Amino acid sequence: MALLEVEDLTIGYQSQRGFLKAVEGVSFSLDKGRSLGFVGESGCGKTTLGMALMRLLPPNGRIREGRILFDGQDLLEKTDEEMRQVRWQKMAMIFQTAMNALNPVHRVNDQIAEAILTHNPSLGKQVAYKQVEGLSRLVGLSKHRLRDYPHQYSGGMKQRAIIAMALACQPKLIIADEPTTALDVIVQDQILEEIKNIQKEFDISIIFISHDISIVADVSHDIGIMYAGQLVEYGAREEVFESPMHPYTKALLSSYPTLTGEKAQLMPIPGEAPDLIHPPSGCRFFDRCAGARASCRTNPLVWLEITPTHKVFCYQCGRQCGR
Amino acid sequence: MGNGKQTILELDRIVKRYRTKGFFFGAHGQDVIALNEVFIKILRGEIFGLVGESGSGKTTAGRLIVRLEQPDQGKIYLDGRDITGLKGKASKDYSRRVQMIFQDPYQSLNPLLSVFDTISEPLIIHKIGNAEAREDSVWQAMKSVGLSPPHDFAHRYPHQLSGGQRQRVAIAHAMVLKPEFVVADEPTSMLDASMSAQIFNILLEMRRRLKVTFLFITHSLAAARYLCDRIAVMYKGNLMEIGPAEEVLRNPKHPYTQALMDALPKFVHSGGVKRYETLLQAEREVSGYVGCPFFVRCKVARAPKCSREKPPLKKLDDSHSVACFYAEPGIKTRSGGKA
């Protein structure tokens, strides 16, 4: 059975101009020990999705439809108090801005120990601090630096501390929202390696969220491409990368400079993402898609299964396959 | 790049130090050397890339060039004329010829100025043309960065624009004076991939049409490869490797450049990328050494040579130079030497 099953999730924000659907009709499932990456441009709803899974949406945000089944339980039916028990203990998050996620006036080890003690008060201080040392070894933080304050840490060390904190209660699922965006390439590489090792060792499931397709590809088994609040392509990373189907995925891949192969002209995607308060009918990529036909506007979109592990949300792709 | 090309800008053994604060009384803390005897010649019409991690001094170099700061030692020449001591009219004239595009378009634009006012401001400051001619220049600049139709954008304010649109306004603002030299400091680090690609193509188009020379500052090797003719790799204020972009990235000679290549996400860049493994697991412990800046992290380095002496930039061939004792032309740098 899947650890996490999300069905037809629609999330939005109340704004002055109306209800903005940041995520619409997203479904996916994630097995134990697997990792799933969501890629898309800013505004595509990927962070909203991560926050909704943790039930940490801002006050004007609301989950309108759908179900989130985590470990057999429906998270949307839980009260805030029950949710607090799930959060961090079973499901932890690594936030986008590592620099600001630590409390500046507490020592790093106190902060990590606090996370442990809050959820397991019976453990006792000594055991908790012992666990902190173990965690620091796991994420490659020197034991001697644990009594430092966050401002004495470099960016990479802060990120390691955050990862240690996310692991503190041995969660089953970690949601990592742009975990390395603010870091240098070498540090980024080390952190990603660390996350991969930890995942293998503890059989944790991970959801990666990033705009950087190369990072997501590096760490995820499966990849979901998001555009304007919808999932448009979903599948095993090899299939999505080697035979991308959706025009948006193709465009995203060809707008990314690489270091290998011929130096090709980058193809930026023309135009802008649609308004999500009054989204257009039919395919949302219509205005920017080179292969769009009039029928894309009028025909209802359905998921097309290309292989059992690769599907795409595009009307034209279906026509081309003759289905 | 051909040797026949003329140098437009030259950094001649530039040193820049920042003084850190010490404890309460008395002596100040240690100096941080942001740039250590950096020597670069940039040729007219090229896009020169400055690549490195944060803290490598690449942004400082850009700021010195546009005279936001002064070097502690060394000279900067534009067309052979020293610009470090310029004053008054000469200084204003220089700032017309040399412009900068900043990293963060969310902070570099004045929130109280409309797009039109932002782009026309430099023209007013430099008293170029009358109102009508200025308006023409602004429309042109807006079109050239893809803000079209310009009338739609002219009266918007920065908060009404997306990140990519803001950065295009910032580029138009820099280009409206028709500068000869532009410093672009990580212009796409705040933007998505498809937006970045648009910005890159705008810069390439500017170079083609207006013959502008660019100093492109970036931490992304892939972006440097796409845009630049030549690149210089910097580490802690020192020039480590300099050469044609394609050559340096295909055949990196400095262990640090190789370490940067190793750190690229593997799945996308996997095909044909060599693994160098030149980075030590843990930093080497040393006390008060004066040698190669990369010594503490370099697997190839050997004491005492590398810890006592700073390797000079040595020429491997006409265009490719490396600051490493063990770099050989054509041969891969030794791997696995013991310290």
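Residues numbered from 1 in each chain as written. Chains lettered and ligands numbered in written order. Predicted model: local features only at pLDDT ≥ 70, side-chain atom pairs only at ≥ 80, totals over all residues. Heavy atoms only, no water.

### Focus on the overall build of chain A
Along the backbone of chain A there are 12 helices and 12 strands. Each of the three principal axes of chain A carries a C-alpha extent, and together these read 65 × 50 × 40 Å. Per-residue burial over chain A gives 53% buried out of 323 residues. Contacts spanning at least 24 positions in sequence make up 64% of the contacts within chain A whose residues lie at least 6 apart. As presented, chain A carries roughly 14500 Å² of accessible surface, and 50% of it is formed by carbon and sulfur atoms. Placing the 35 positive and 37 negative side-chain charges of chain A at their respective mean positions leaves the two points 3 Å apart. (Helix = DSSP H or I, 4+ residues; strand = E, 2+ residues; numbered from the N terminus. Buried < 20%, exposed > 50% of the residue type's maximum accessible area, 1.4 Å probe, protein only. Contact = heavy atoms within 4.5 Å. Areas by Shrake-Rupley, 256 points an atom, 1.4 Å probe, with all protein chains shown as cover. Lys, Arg positive; Asp, Glu negative; His and termini not counted. Charge placed at Lys NZ, Arg CZ, Asp CG, Glu CD.)

### Focus on the sheet that holds strand S1 (residues 7–19) of chain B
Residues and elements named next belong to chain B. Strand order across the open sheet formed by four strands is S2-S1-S4-S5, with antiparallel pairing between neighbours. Looking at the sheet topology across the chains shown, the edges are occupied by strand S2 (31–43) and strand S5 (81–82). Bridging between S1 and strand S4 (residues 73–78) involves five bridges; their strand directions are antiparallel. Looking at the pairing, glutamate 10 lines up with tyrosine 77 of S4. Against the sheet, helix H1 (residues 58–65) contacts S1, S2 and S4, and its axis sits at roughly 115° relative to S1. (Pairing = 2+ DSSP bridges. Axes fitted to C-alpha atoms, helices over the stretch in contact; angles between N-to-C directions.)

### A closer look at the confidence of the model for chain A
On average, residues of chain A carry a pLDDT of 89, and 98% of them reach 70 or more. By mean pLDDT, helix H3 (residues 98–101) of chain A is the weakest element of chain A at 74, and strand S9 (residues 222–227) of chain A is the strongest at 96. (pLDDT = per-residue confidence, 0-100.)

### Regarding the pattern of salt bridges
According to the stated counting rule, one finds 33 salt bridges over all chains in the structure shown. Notably, a salt bridge pairs aspartate 80 of chain A with arginine 55 of chain A, separated by 3.1 Å at the nearest N-O pair. With aspartate 80 of chain A in helix H2 (residues 80–86) and arginine 55 of chain A in the loop between helix H1 (46–53) and strand S4 (61–70), this pair connects stretches of sequence that are 25 residues apart. Taking relative accessible area as the criterion, aspartate 80 of chain A reaches 58% and is therefore assigned exposed. A salt bridge links arginine 96 of chain B to aspartate 93 of chain B; its shortest N-O distance comes to 3.9 Å. Residue arginine 96 of chain B and its partner aspartate 93 of chain B are located together in helix H2 (residues 88–97), separated by three residues, close to a single helical turn. (Salt bridge = Lys/Arg side-chain N within 4 Å of Asp/Glu carboxyl O.)

### With respect to the nonpolar core
If you look at the biggest cluster of nonpolar residues, it comprises 77 residues, and the most contacted ones within it are Ile119, Ile171, Phe216, Ile231 and Phe294 of chain B. Here this core gets seven residues from one element, more than from any other, and that element is helix H8 (residues 193–210) of chain B. Split by domain, the residues of this core number at least three in each of domain 1 (7–19 + 32–113 + 170–248) and domain 2 (251–339) of chain B. Setting aside residues no more than four positions away along its own chain, phenylalanine 294 of chain B makes contact with Tyr235, Met240, His254, Pro255, Tyr256, Ala259 and Leu279 of chain B. The next biggest cluster of nonpolar side chains, apart from the first, holds 71 residues, and it includes Ile11, Ile116, Ala164 and Ile195 of chain A. (Core = buried A, V, L, I, M, F, W, Y, C linked by side-chain atoms within 4.5 Å. Domains from an automatic or database assignment.)

### Quick look at the domain arrangement of chain B
Residues and elements named next belong to chain B. Partitioning chain B into structural domains gives domain 1 (7–19 + 32–113 + 170–248) and domain 2 (251–339). Contacts between the two partners involve 15 residues from domain 1, matched on the other side by 19 residues from domain 2. The tally of links from domain 1 across to domain 2 stands at zero salt bridges. Seen at the junction of domain 1 and domain 2, the total is 11 residue pairs in polar contact (both at pLDDT 80 or more). Looking at the side of domain 1 that touches domain 2, the elements with two or more residues in it are strand S9 (230–235), strand S10 (238–244) and helix H10 (245–250). (Polar contact = N/O pair within 3.5 Å; in protein donor to acceptor, adjacent residues only side chain to side chain.)

### Examining the pairing of strand S2 (residues 18–30) of chain A
All names here are of chain A. Sheet analysis places strand S1 (residues 4–15) next to S2, joined by nine bridges and oriented antiparallel. Note that in S2 the partner of leucine 4 across the bridge is leucine 30. Connecting the antiparallel pair S1 and S2 is a turn made up of two residues.

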